[in-house]
Amino acid sequence: MITWSNFVSQLFNGLALGALLALISSGLTIIYGTLGVLNLAHGAMFMLGGYAGYAAYQATNSFVLAVIAGSVALLLVGVVLERVLVRHFYSRPHEDQLLVTFGLAIVIVEAVRFFFGSESRSVPAPASLSGITSLGFAMYPTYRIALMGIIAVALFALFVVLYRTRLGMIVRAGIEDAVMVDSLGINVYRVFMVVFGIGAMAAGFAGIVNAPVVSLTPEVGETILVQTFVVVVIGGVGSFPGAILGGLIAGEIISLTSMVNPGYAYVMLFAAMTLVLMVRPHGLMGQPGRE
Amino acid sequence: MSHRDDRAPSGRRNFIRTSLAAVGGMALPGFATRAMAADNHPAIGTWPAGAEGNSVFIGIAVPRTGTYAVQGEDELKGWQLAIEHLNSGDSLIRRISPRTKKGVLGKEVKYGAADSAAKPNNAVQAEQRFITENHAILMTGSTSSAVAVAMNKLAQREKVLYVTGISGSNDTTGKDCVRYGFRQNFYGQTAAAAIGPVLVKAYGKGKKAAYMTPDYTYGHTVTKSMQDYLATAGWTTATNQVSPLGAPDYSSYLLNVANSGADVLINVNWGHDAVLSIQQAQRFGIFDKMKLAVPYQIPFLAPEVGGGLLAGVYAATDFWWTLEDKYPLAKLFVQSFEKRWGYKPEWGANNAYMSFAFWADAVENAGSFYPPDVIKSFEAGRKLQSTVGEVYFRKEDHQLVRPVVIVQGKKPNEMKNKEDFWNVVEIVPGEALMQKPDAFGCNLGDYT
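Note that this is a predicted model, so its numbers are computed, not measured.

Each value, and the rule that gives it
Residues numbered from 1 in each chain as written. Chains lettered and ligands numbered in written order. Predicted model: local features only at pLDDT ≥ 70, side-chain atom pairs only at ≥ 80, totals over all residues. Helix = DSSP H or I, 4+ residues; strand = E, 2+ residues; numbered from the N terminus. Rg over C-alpha atoms; globule rule 2.2 N^0.38 Å. Contact = placed C-beta atoms within 7 Å. Nonpolar A, V, L, I, M, F, W, Y, C, P; charged D, E, K, R; others polar. Pairing = 2+ DSSP bridges. Axes fitted to C-alpha atoms, helices over the stretch in contact; angles between N-to-C directions. Parallel < 35°, antiparallel > 145°, perpendicular 65-115°, else oblique. Left-handed = near helix turned anticlockwise from the far one by under 90°. Buried ≥ 20, exposed ≤ 12 C-beta atoms within 10 Å, placed from the backbone. Right-handed = clockwise from strand over helix to strand, strands pointing away. Domains from an automatic or database assignment. Core = buried A, V, L, I, M, F, W, Y, C linked by C-beta atoms within 7 Å. pLDDT = per-residue confidence, 0-100.

### Here's the deal with the overall build of chain A
Helices and strands together make up the secondary structure of chain A, namely 10 helices and 2 strands. Helices and strands in chain A line up, N terminus first, as α-α-α-α-β-β-α-α-α-α-α-α. Taking 19 Å as the expected radius of gyration for a compact globule of 291 residues, we find that chain A reaches 19 Å, a close match to that expectation. When the backbone C-alpha atoms are referred to their principal axes, chain A occupies close to 60 × 50 × 35 Å. A fraction of 76% describes how many contacts in chain A between residues 6 or more apart in sequence connect residues 24 or more apart.

### Let's talk about the interface of chain B and chain A
Taken together, the contact between chain B and chain A spans 42 residues of the former and 46 residues of the latter. Of the residues forming the side of chain B that touches chain A, the biggest block, 6 residues, is contributed by helix 8 (residues 251-258) of chain B. Tallied by class, the residues present in the side of chain B that touches chain A amount to 16 nonpolar, 18 polar and 8 charged.

### Re the environment of Phe114(A)
By the secondary structure assignment, Phe114(A) is in helix 4 (residues 94-116). Here the alpha-carbon distance between Phe114(A) and Pro218(A), two residues 104 residues apart in the chain, equals 9.7 Å.

### Digging into the sheet that holds strand 14 (residues 399-401) of chain B
All names here are of chain B. Judged by pairing direction, the sheet is antiparallel, and its 3 strands sit side by side in the order 12-13-14 without closing on themselves. Two strands lie at the open edges of the sheet, namely strand 12 (384-386) and strand 14, each paired on one side alone. Pairwise comparison of adjacent strand axes, ignoring direction, gives a mean angle of 40° for this sheet. Taken together, the 3 bridges between strand 13 (residues 389-394) and strand 14 define a ladder with antiparallel strand orientation. Paired with Tyr392 across the strands is Val401, a residue of strand 14.

### Structural notes on the packing of helix 2 (residues 42-60) of chain A against helix 7 (residues 188-210) of chain A
All names here are of chain A. Here helix 2 crosses helix 7 at 55°, and the two axes come no closer than 7 Å. For the element pair helix 2 / helix 7, the angle class is oblique. Helix-helix and strand crossings are classified by hand; for helix 2 and helix 7 the assignment is right-handed. Across the interface between the two elements, His42, Met45, Phe46, Met47, Leu48, Gly49, Gly50, Ala52 and Gly53 of helix 2 pack against Ala200, Ala203, Gly204, Phe205, Ala206, Gly207, Ile208 and Asn210 of helix 7. Of the residues in the contact of helix 2 with helix 7, the class split is 10 nonpolar, 7 polar and no charged.

### A closer look at the sheet that holds strand 8 (residues 236-243) of chain B
Across a sheet, paired strands are connected by hydrogen bonds in the backbone, their directions being either parallel or antiparallel. Residue and element names in this part refer to chain B. Here we have 7 strands laid out as an open sheet, ordered 8-7-9-10-11-15-16, and mixed in their pairing. This sheet does not close on itself; its edge strands, each paired only once, are strand 8 and strand 16 (422-428). The sheet shows a mean angle of 20° between the axes of neighbouring strands, taken without regard to direction. Contacts from helix 6 (residues 188-203) reach strand 9 (264-267), strand 10 (291-294), strand 11 (314-317), strand 15 (404-409) and strand 16, with the element oriented near 160° to strand 11.

### Some details on the pairing of strand 4 (residues 138-141) of chain B
All names here are of chain B. Because side chains alternate across strand 4, one face comprises the buried residues Leu138 and Thr140, and the other comprises Met139 and Gly141, equally buried. Here 4 bridges tie strand 2 (residues 55-62) to strand 4, and the two strands are oriented parallel to one another. Directly across from Ala61, in strand 4, lies its bridge partner Gly141. Since strand 4 and strand 5 (residues 161-164) lie parallel, the crossover through helix 5 (residues 145-158) that links them has a hand, and here it is right-handed.

### Description of the domain arrangement of chain B
Residue and element names in this part refer to chain B. If you check the domain split of chain B, you get domain 1 (19-186 + 325-401) and domain 2 (188-317 + 405-433). A C-alpha centroid distance of 30 Å is found between domain 1 and domain 2. With 21 residues of domain 1 at the contact, the number on the domain 2 side is 25 residues. Contributions of two or more residues to the side of domain 1 that touches domain 2 are made by helix 2 (69-88), helix 5 and helix 13 (347-366). Class assignment for the residues of the side of domain 1 that touches domain 2 results in 8 nonpolar, 9 polar and 4 charged.

### Considerations on the nonpolar core
Core analysis: the largest hydrophobic core is formed by 245 residues, its most contacted members being Leu23(A), Leu48(A), Leu74(A), Ala82(B), Ala191(B) and Leu265(B). For this core, the element with the highest residue contribution is helix 7 of chain A, accounting for 15 residues. Counting contributing residues per domain, this core is built from domain 1 (19-186 + 325-401) and domain 2 (188-317 + 405-433) of chain B, each supplying no fewer than three. Excluding anything up to four places from it in sequence, Leu23(A) contacts Ile151(A), Ala154(A), Leu155(A), Ala202(A) and Ala206(A).

### Observations regarding the environment of Arg157(B)
One can find Arg157(B) in helix 5. For the pair formed by Arg157(B) and Gly103(B), sequence separation is 54 residues and the distance between their alpha carbons is 27 Å.

### Section: the confidence of the model for chain B
Residues and elements named next belong to chain B. Residues with a pLDDT of 70 or more make up 91% of chain B, whose mean pLDDT is 91. With pLDDT under 50 throughout, residues 1-38 is counted as low confidence; its partners more than four residues away or in other chains account for 69 contacts. At the level of chain-chain contacts, confidence expressed as ipTM amounts to 0.85, with global pTM at 0.87.

Below, the structure written as structure tokens:
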């Protein structure tokens, strides 16, 4: 229903949804931009981060430790996977890369199902962030508001790493032209490993900080992965700022469309992606012809 | 290095796990001879090929992954128990199907189970394989009415019997009914007619309701039935939030609900969607403003939602284990199930068990696996003993006429044990709840 208070509520909610999508998409786009690997296991990594955090929460009862565990676990998983599996596919066709990461996603999901079952698992928000806050125009879960701040900090940290460090400079150079970076004597393969680890960590971090919002199931990454691809396409493949812009746009589309007709929320998301592909095939902030 | 590949993920996994289990005793040759001698018909579907050996095969396509996975696993356990009971000639199944001795018509029952992920395509492909490779004589599965409707069509086309798993849509035995399909459980119309009066009594007339509806046949028909019934008590629809199956987040829908000014939230979502939407509704403070009602109860909802969120909430269901206090067969079933699987059965498992027991009864009474004879046996309207008392199949639409159970969530401190989530408040006889057989456009089609 369209009322002023509902409009403002949905606008705000779109921002919250978009922030999460931006965070997950940033990991995906950094990996794709640098390594050229479209990681179909990114959603599974998002899920795995949630479960790693859940296990840590069960053991320690501390949300902060759960977030650290979810992030570090996925950093390690990312590094190991890059070393033993993904690196062998850099020089192979995209089809092979899609298949291997697709298969990896299935293995991760089913492994989690084997250990944790299909029943949903909850990680409660920390006591200080649980409850409801009145925003004037709407009652909104306190944790979701806090989550926007948490994600903003995480994205800023990623920005600093990418744009203010030597590693970030190499990564961005790698996105532009990996062959040139290689020929300048920089060990791109080590950089690739770090990038895959950071991308996985971003997914894992998103998975655990999002856990109090959703309840965890082995499939939680699957639906989000599809949206993440839409975000990356809208924002521009390989573009970090594009992932953030695309995430916010996607969040607003879902939220505002649902105000008019909830049945069309996801349809409109894909319609927007189609429109962007027609008008600006390289995405809003992507660069044409980048190889 | 190339960085360009904008292709979207190419479809979802088509992951089918097939398990074959051979359980129970040996077939008795004498029975097999009698069954075949009685059959003198041209071949149809998988008959007689599927009924010629010492065993018959049932194809099960059930969600073991996805939004309805938890409910699917529970159903599967119900079917497995029924097959074990059939093959061993257990006393419980013989009370439901009195002619059963061991197996069905003396033949051992075997089965294969495939993951449908609650997707019609997956289910149809799996069952098609069971028909081709195993000559399946019976098909089952569905925790989604979209699957049930697709399976109905497959059953009618292939002339292989299908008994639904969980399916709540009016369409399954309504406009999409088929001669080869049968449904044991309750559905939108009977759910609404049973829970409607309870809601009106509890919350009054002339209330405003907000609906949350999954976007497929189950959701649309259950919501429509609820709206129609409640309109007779002056209730109006404040908003209807339609969402896709497996939506990752309900915040935008819940904001609309919160801003709708409704008195009651009627949540038709199912499986994990129901769990997530109820948990998130609580976080948005919605239950401070409105009551929750669940017209089509979801197995394991209470423990999964947690936190006593369902205390006081009314729901309509097919079966709840405390019915064992009222019905002797329910007591036997709950005991057998708990002994076999280590937990109290939910209604999905009960539905699964009963649907196989009724099929066995129909075959035994037909004295043959010849599908038209089995169908006519189902359609004979025999009074059947069940875990909810005496029931029968309506011949016009193949819907079981059975009571609907109204339950209310207990507060955590009222629970006598860790699985004591619901209080049975009413058992509403089925006949008066049902629409006229042709009201939803059912046309069963041909026998052959």
